[in-house]
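# Coordinate analysis (summary)
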Amino acid sequence: MQIAVKNISKDFGKNKTAVHAIKDISLEVEHGEFLGIMGPSGAGKTTLLNMISTNDRPDHGQIIIDGLDLTQLHDRDQAKYRRNKMGFIYQSFELLDSLNVKENVILPLALNRSNKKLIEERFNYMMQLLNIENLSARAIDELSLGQRQIVAAARAMINRPEILFADEPTGSLDSKSATILLNYMQMINKKEQTTILMATHDAFTASYCSRVIFIKDGVVFSEIVNPGNRDKFFEQIINMQRTIGGGDYFNVSQNY
Amino acid sequence: MGVTISMYRKIIKRSLSNMRDSYVIYILACSFAIGIFGILLSMGDNPSVHLALHWWDNFIYDISSIMSGLFAFFAFIYMAYVDGFFIKQQRNEFLTFEKLGMQRWIIVTLSFFQTAIVQAVAWIIGLSLLLIFQKFMGMLLFFLMQVRFNFEMYLGWDNLYILLEVFAVSTLILSLINAIKTMRILQKKKTKPLVKTRWWLRIPAGAFGIILLLSAQICTAYLFKDMRMISYSGKPLAEIFYIMMDDIVGTYLVYYGFLPSILDIMERIHSVAYSGVNIFSFKYMKERLFQNISILWFVTELSALALALLTFCYFGYQAVHQNYNSAYPFELAANKDTVKVIRDELHKNKAKVKGSYKTEVKINLVSYYSKSNQTYTRQPMTFMSYSAYKSLPKRMRKGNSKINSHQFLKIDYNSSLMYSNHTNEHDIEVKNAPMIQTAKWGYSFPYGSSMHFGPMMIVPDKYYQKMPAEVTDTFYGWDFKKGDRLSRKQLQKLNSYRDAYYMKVNFKSSLEKSNIEVMKKEPNKYEAAIYTQSGFLRQGSIKKRLKQGGGFYLFIVALFSVALLVALGSVLTLRILLRDDYQSRQLRTLQKIGVEESEIKGIIRRENTLTFLIPIVFASLQAYAAIAMFDFGHHISKNIILIYGGYVILYGLFGLISFKISWRGVKQKFSL
Ligand SMILES: Nc1ncnc2c1ncn2[C@@H]1O[C@H](COP(=O)(O)OP(=O)(O)OP(=O)(O)O)[C@@H](O)[C@H]1O
Ligand SMILES: [Mg+2]
């Protein structure tokens, strides 16, 4: 077991207007697992990912990764940990407008002061694989939403993180790009044993996972393990979504 | 209707609270200016000022109303300029309003009232500052002027009316300006295109800027030469104008040309730029500097101006002070003809004598080639022995070269205070005494420059004893505790002793044949060769006035300097605080992808340091270069460095505060 989340909770705001984003969630993730997190809008998916990835601190509870209690770490050490072990694809992309595509993608490597050769190598490989080589000199605000998302994904994966957090990574992608990205994520998950935690609304996207948990109103509602057959898994997910309500039933990618 | 109005009120409230820090700084700076303006204005017709400083008559009133007017003018320019920042900051917000279907005139009205509200708040605080600090400032003024008097708080109806008028008019104009600015934002919606580095334009422009700056320095050197040589000519004025233009344009070109280029070069060196957070910070810094070039330039020039003004004020003050000191080293001085009368009078009014001195002098004829006048000079000269000179208080020797017991010292008028050519005098012939080969220079007359005519010579004791004299005299000097207490009546009586005697010099072909004829009565006809020996010299009220004038001067200069500093500092701080939305978002993003907070803090610190450092470095270089030439290098006085140091420290303090606030603002966004 790589990640253990124990009874965490998180409130936003105070007193009357307080929102209980996460009420009481416990969770275990194995090394090399591809975990999907699903739930309606406002269920607390992003909040949960943020806390596991140390971007936010829970009000209560513990988050233990590789035996280390991250909630006990100082801000600075958390940042170091984050930088060295984790990669992120944010729901809002979080690309730097001042930098162009290439600079954005190589940012994690540059921050770790990797040598230039390695940077170029990895960059070219990544861009080729995700089929976005032609974007490399573009400015961020010249990109479409989908293009931004895939650039954000490239940045998240370029320094081969041990744990990848993906918040709605295919939300703005067409089905072809989504498939390319998901295949790649599956590949690194299999080959390099990267642990992936992915939040999504989309049943098709979730069907790539090895396990999906459903949360609603800040608690874990249920959980489905991939039976080994993606179509069947997809069916199960759709059914669960219907039970919970609020999911996307009619997604373009369903036609796949 | 009610709903829409309350919505608009909410909108105004929100945008005010969004830029809270920036508004606080702006409002504080404005209310400071308003407070000072009010204090200056009300100082003029404060009854206690009139009572305490009655002999300054209307002078104080005139000065304080001129100063307050000047102050108000600059403060207004500052407000108009800085107020624009806020409108610019709200650009996106306004555009969004319009997109959401809000009518244009409503948006314009919103910005009008927003400005008016901010202005009103600033005025309320400013007027409270006026009421709170008027007494304090008045006491400070009296303290600096060394007047023992109680300063009463006072705000006349006239002044109150003027203040309200200024408030109404300035607020209306500022609000209108902002409304127009908003209108223009709404009319041309397109976003600014990204500034491109155009090397082919920037590098030559920067190089030309450097040439201009250098030529300004060369011209400064010429200016000081010309100022000494040419007395009446338009040339120095033209030169000053040229230098100012050169400095102003040159600095801008250098900023424009090199600031981005340097950052660009750094960015291109991938081994530097691609390591660590530099990959982001260079671009970020470049963007920020691009936006701020004209403000950096503006601040640089104003700082240089401030430093130059401080320097001139200092030199002006020095000049007056030095002049005064060399004219009146003792509170009271007399010669052998008047000493008895004066002693009697001092006895009568029981003046407390702190120290009394007495020195014998000899007056003889000399001739020499004067280098400063470039003429051959013959004149009477007063001689004093070395040991007599040394027995006088130290302050008498302040402006003189150091000599030992074998050296000669010639004390003469210092024609130009800033750059006297302090060269030794050579080959001075003295009637019936050995020629003086070399004499050092000085300008502090031990008993005051107007005690006697012409120069004075300090000579070795032996030389003094052996030399003959045309006239011998004795000088007396007194210092008192709390003044000489001479009454007006006594002074009237002493008036007839003002001139002790007159000396008529009969110049012949040689010094030996020439002689001095002493006359007790004032000769009818004034001839060139008649010299007067003063009977006595009194500081009296001059000392008091000098102190008061100096204090007043200091008060005004300090006030203006501090105000200027506040203005410059707040402009820079506001520029740093008012980041574009996406700029502050980027810092947040950096944190999200695992950049340590300390590194982000480093970026903020670097941005802050650059913004504050560049102007002050350029400004002090410019000011320093000017003074260095002014003084020809060998006389940069400690005090000037002190003044500059003080300025730089205060400025640096602003930088520090600005950094703290800036970081706080960024950090607040982090926890969202
Ligand atoms: N910074 C915040 N301040 C206040 N409330 C917040 C904040 N962030 C999230 N919330 C609230 O917490 C709850 C969970 O939000 P969260 O973003 O985790 O939902 P989500 O599951 O990611 O939704 P979506 O599918 O729309 O991304 C929501 O009710 C949201 O309004
Ligand atoms: Mg979310």
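The structure displayed is predicted, hence computed values, not measured ones.

Residues and elements named next belong to chain B. The strand order β10-β9-β11 describes an open sheet built from three strands, whose pairing is antiparallel. Each edge of the open sheet is held by one strand with a lone partner, namely β10 (515-519) and β11 (530-534). Put simply, the sheet's adjacent strands are angled 30 degrees from each other on average, direction ignored. Pairing between strand β9 (residues 499-506) and β10: five bridges, direction antiparallel.

Before going further, it helps to examine the coordination of the magnesium ion (ligand 2). All names here are of chain A. Of the protein atoms, only T46 (OG1) and Q91 (OE1) coordinate the magnesium ion (ligand 2), at distances of 1.8 to 2.3 Å. One end of the pair, T46, is in helix α1 (residues 45-52); the other, Q91, is in the loop between β6 (86-89) and α3 (101-111), with 45 residues separating them in the sequence. Judged by relative accessible area, which is 40%, Q91 ranks as partly exposed.

Residue and element names in this part refer to chain A. By nearness alone, 13 residues border ligand 1, and K45, T46, T47, Q91 and H201 come closest of all. For ligand 1, an oxygen atom lies 2.9 Å from a polar atom in the backbone of G42. Q91 places a side-chain nitrogen or oxygen 2.8 Å from an oxygen atom of ligand 1. Compared with its free state, where it exposes 620 Å², ligand 1 has 63% of that area covered by protein. At the level of secondary structure, the elements contributing two or more residues to the shell around ligand 1 comprise β2 (19-29) and α1.

With that out of the way, let us pick up the interface of chain B and chain A. Taken together, the contact between chain B and chain A spans 22 residues of the former and 24 residues of the latter. When the two sides are added together, the surface that chain B and chain A hide from each other amounts to roughly 2300 Å², 57% of it contributed by carbon and sulfur. Linking R585 of chain B and D97 of chain A is a salt bridge whose minimum nitrogen-to-oxygen distance equals 3.5 Å. Applying the counting rule to chain B against chain A returns nine residue pairs in polar contact (both at pLDDT 80 or more). The set of elements that each furnish at least two residues to the side of chain B that touches chain A consists of α11 (278-327), α17 (581-592) and α18 (597-631) of chain B. If one sorts the elements of the side of chain B that touches chain A by residue count, α17 of chain B sits on top with seven residues.

Residues and elements named next belong to chain B. Split into domains, chain B comes out as domain 1 (1-191), domain 2 (193-327 + 544-672) and domain 3 (332-538). Centre-to-centre, using C-alpha coordinates, domain 1 lies 26 Å away from domain 2. Contact residues are listed per partner, giving 34 residues for domain 1 and 31 residues for domain 2. Here domain 1 and domain 2 share an interface that buries about 3000 Å² over both sides, 75% of which is from carbon and sulfur atoms. Where domain 1 touches domain 2, the interface holds one salt bridge. Scanning the region where domain 1 abuts domain 2 turns up two residue pairs in polar contact (both at pLDDT 80 or more). Put simply, the parts of the chain that give the side of domain 1 that touches domain 2 at least two residues each are α2 (20-44), α4 (59-89) and α6 (104-144). By residue number, the principal contributor to the side of domain 1 that touches domain 2 is α4, which donates twelve residues.

Reading guide: rules and limits
- Residues numbered from 1 in each chain as written.
- Chains lettered and ligands numbered in written order.
- Predicted model: local features only at pLDDT ≥ 70, side-chain atom pairs only at ≥ 80, totals over all residues.
- Heavy atoms only, no water.
- Pairing = 2+ DSSP bridges.
- Helix = DSSP H or I, 4+ residues; strand = E, 2+ residues; numbered from the N terminus.
- Axes fitted to C-alpha atoms, helices over the stretch in contact; angles between N-to-C directions.
- Donors = N, O, S within 2.8 Å, 3.2 Å for Na, K, Ca; no water.
- Buried < 20%, exposed > 50% of the residue type's maximum accessible area, 1.4 Å probe, protein only.
- Near = heavy atom within 4 Å.
- Polar contact = N/O pair within 3.5 Å; in protein donor to acceptor, adjacent residues only side chain to side chain.
- Areas by Shrake-Rupley, 256 points an atom, 1.4 Å probe, with all protein chains shown as cover.
- Contact = heavy atoms within 4.5 Å.
- Buried area = accessible area lost by both parts, 1.4 Å probe.
- Salt bridge = Lys/Arg side-chain N within 4 Å of Asp/Glu carboxyl O.
- Domains from an automatic or database assignment.

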